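# Inside the fold
The chain contents come next:
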Amino acid sequence: MLGTHPDVAECGVVGVADERRGMVVKAYVVLHPGGGAGEATARASQEFVKRTMAPYKYPRVVEFVGELPRTSTGRLRRGELRRWAAQGTPVAGARPVPG
């Protein structure tokens, strides 16, 4: 659902460990050119998902990235997204926004 937001060009979503909740949803988001990567955009995308899906499924953490890792055939490399999340450090050029 997040991928249908008007500001989002593409996204990848993974589960990440959270001390308080056990697991939370983290979204890596690539915006359309000219889109502003900031807290307001992250909140708007979170609210969009809450309105279109069950509220507990919205991404608690949104990180804006320049591109998503893809295989040579164009498939999303979710393992790489999980590795990014496990490292706990933002990807170069990324802007994390907690939910």
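Quick caveat: nothing in here was measured; it's all calculated off a predicted structure.

What counts, and where the lines are drawn
Residues numbered from 1 in each chain as written. Predicted model: local features only at pLDDT ≥ 70, side-chain atom pairs only at ≥ 80, totals over all residues. Heavy atoms only, no water. Pairing = 2+ DSSP bridges. Helix = DSSP H or I, 4+ residues; strand = E, 2+ residues; numbered from the N terminus. Buried < 20%, exposed > 50% of the residue type's maximum accessible area, 1.4 Å probe, protein only. Right-handed = clockwise from strand over helix to strand, strands pointing away.

To continue, consider the pairing of strand β1 (residues 8-18). Where β1 and strand β2 (residues 22-31) come together, 10 bridges link them in antiparallel fashion. Pairing of cysteine 11 across the sheet is with valine 29, part of β2.

Below, the discussion takes up the pairing of β2. Taking burial as the measure, the 10 residues of β2 include 7 buried ones, the bulk of the element. Counting the residues that bridge the hairpin from β1 to β2 gives 3 residues. Direction of pairing for β2 relative to strand β3 (residues 61-64): parallel, over a ladder of 4 bridges. Across the sheet, tyrosine 28 pairs through a bridge with glutamate 63, a residue of β3. For the crossover that starts at β2, traverses helix α1 (residues 39-52) and ends in the parallel β3, the hand is right-handed.

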